[in-house]
Amino acid sequence: MNVLAVDAGTTAVKAATTDSAGGVQRVVRAAVDRGTGPGIDPEHYWRTVARAIAQVADSSAPVDAVTVTGQGDGLWTLGKSGAPAGPALEWNSTLAGEVVAQWERDGTIARHYARSATVLWPGTAAALWRWTRQHRPQTAAETQNVFCAKDWINHRLCGAIATDITDATIPFLDIFSGCYDEQAFSSLGCEDLAAAMAPIVPAGTQIGVVTEQAAAETSLAEGTPVLMGAIDVVAMTRGAGVSEPGQAVAVLGTTAAAMAVTDSLDTGGEPVGATLRIDPDEQRFLRVMGASSGTSTLDWFLSRFYSSPDSAHDSFWDDVQAAQPGVVMLPYLAGERAPFLAPQATGTFIGVTSRTNRAELARSVALGITFSLRHCVEHAVGKEPETVVLTGGGTTSATWCQLVADVIGAAVVVDDRPHTACAGAAAIAAGRSPSAPTERPRFEPRRDYGADFQEFVDITHALRPIWKEMNRQ
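Since the structure is predicted, the reported quantities are computational estimates derived from the model, not experimental observations. (Residues numbered from 1 in each chain as written. Predicted model: local features only at pLDDT ≥ 70, side-chain atom pairs only at ≥ 80, totals over all residues. Heavy atoms only, no water.)

**Student:** Looking at this structure, I do not really get the pattern of salt bridges. What am I missing?
**Tutor:** Oppositely charged side chains may form a pair once their charged atoms are brought near each other. Scanning all chains against the criterion turns up 16 salt bridges. When the shortest N-O distance is used, the salt bridge between Asp181 and Arg115 registers 2.3 Å. On the criterion of sequence distance, the pair formed by Asp181 in the loop between strand S8 (179–180) and helix H8 (182–187) and Arg115 in helix H3 (residues 108–116) is long-range, its members being 66 residues apart. Residue Asp181 is classed as buried on the basis of its relative accessible area of 11%. Measuring nitrogen to oxygen at the nearest pair gives 3.9 Å for the salt bridge that ties Glu217 to Arg156. Of the two residues, Glu217 is situated in helix H9 (residues 212–218) and Arg156 in helix H6 (residues 149–158); the sequence distance between them amounts to 61 residues. Among the residues examined, Glu217 registers a relative accessible area of 28% and is labelled partly exposed. Given the relative accessible area of 15%, Arg156 is considered buried. Taken together, the shared-partner salt bridges in this structure form one network comprising Lys150, Asp151, Asp164 and Asp167. (Salt bridge = Lys/Arg side-chain N within 4 Å of Asp/Glu carboxyl O. Helix = DSSP H or I, 4+ residues; strand = E, 2+ residues; numbered from the N terminus. Buried < 20%, exposed > 50% of the residue type's maximum accessible area, 1.4 Å probe, protein only.)

Pasting the structure below:
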């Protein structure tokens, strides 16, 4: 089966065609115009996806089915008129920071974690719904259905209102039964949202066919089957060939993240990270430690300290290589949600003096993001992994890949395909194993950053009560 897979991302969307063996034939990438916010225009987002699909569909073999993966969480609303009830609020929104802070103070987060193995953060549907009710009452009153990014694209493709178990998990699913949990809605103060949640169907299920209007916008044939996909981190894990407990995938993307498959859960200890139910029939889960910042922190630094966009990345890594140690950077520009919850956290440079130069700041940024990634890997796997599959946009830099191996202290196998999530989504839709490359670049640790990483962790923990206190002022 030739599947066209869409990866509906935060900063870019991708559309890829795959052949009957699972090999990716062609990929088209389109940047997402984020506008001025807060939130993004769902219709504009759909048009970006439609253009990407049209570009790849026009020059490919006949498409037997289409499936969508994409960014999870957030709040994508559909109004009673069938149009979006308001701007879509995404997983990395910080608008509901005070809602989460109150949940942390009154113990709601700890109680929810004990039931779900997931920490709540401002970008979850529950927090954003509470914020929407208060600040956008008209949107709340108009809302009839709520789902995630991929589900919105499916709706525009075929009219379906549905989601899968991976996107349904956070924050309202009973993770063990696989059904929505009435207690979760009530404990989070979202009883009025329960009736709006999209029905859950298994990934790979046909949920409709491409409509006449969608066919005109995407160049897909009218009547093409639309198959339910899964959240992007699950698709990416599948695409990277990771399926067994203990294996780890690390992502250097907009967010620095780590994922590991597990068939058992421990909800004791400090609430940390998120857990997705990935199989409706078996109790198999994906532990996810998704930091709030990743390459987005690098993009911020490049935009402010490098004048030439064309050479900024090369100049940055030249600076990193030439710099002396001394500055520590905490990359929490959008707060933090994993591997600890601190929505009040801020980006911080420690050790800056009048002699500090750009190169030293650059080094601290590269290490800060990578230390955050190691922090996530350790909490996702629960032990030091022997090998980590590394994917995401940051893998285009061999220097960064080597730094990841050095910082994590484990061999790093690089899956630098920009379409790993598309490959995984197509595999899920077709019910097959993904066609992963047989040979992938491998980086072995060359330098020990253990002491530097511990310093990073110690500074982070020391600042956590300070961030809380600053937030109260």
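Having put the structure on the table, let's press on.
**Student:** Would you take a moment to explain helix H4 (residues 125–135) for this structure?
**Tutor:** Along an α-helix, residues three or four apart share an orientation, since each turn contains 3.6 residues. All of the buried residues in H4 are Ala125, Ala126, Ala127, Leu128, Trp129, Trp131 and Thr132. Elements in contact with the buried residues of H4: helix H2 (97–106), helix H5 (137–142) and strand S6 (143–147). (Contact = heavy atoms within 4.5 Å.)

**Student:** Any chance you could explain the packing of aromatic side chains here in plain terms?
**Tutor:** Within a pair of aromatic rings, the relevant descriptors are the distance that separates the centres and the angle that separates the planes. Across all of its chains, the model carries 17 aromatic pairs by this definition. Note on Trp317 and Trp400: the rings are 5.4 Å apart at their centroids and 55° apart in plane angle, and the pair reads as tilted. Of this pair, Trp317 sits in helix H12 (residues 312–322) while Trp400 sits in helix H14 (residues 398–408), and the two are 83 residues apart along the sequence. Judged on exposure class, the residue Trp317 and its partner Trp400 are both buried. Pairwise contacts between aromatic rings join Trp300, Phe301, Phe305, Tyr306, Phe316, Trp317 and Trp400 into one cluster. One residue, Arg337, lies across the ring of Trp121, its end atom 4.7 Å from the ring centre. (Phe/Tyr/Trp six-rings, centres within 6.5 Å; stacked < 30°, edge-to-face > 60°. Lys NZ or Arg CZ within 6 Å of the ring centre and 35° of its normal.)

**Student:** Explain the nonpolar core to me, please; I cannot follow it from the model alone.
**Tutor:** Inside soluble globular proteins, nonpolar side chains tend to come together where they are buried. Trp103, Phe172 and Phe316 are the most contacted members of the largest nonpolar core, which has 116 residues in total. The element that contributes the greatest number of residues to this core is helix H13 (residues 358–381), accounting for twelve residues. In this view, Phe316 contacts Leu298, Phe301, Leu302, Tyr306, Ala362, Val365 and Ala366; residues no more than four positions away in its chain are not counted. Ranked by size, the runner-up nonpolar core spans 38 residues in total, among them Val66, Ile153, Ala198 and Ile207. (Core = buried A, V, L, I, M, F, W, Y, C linked by side-chain atoms within 4.5 Å.)

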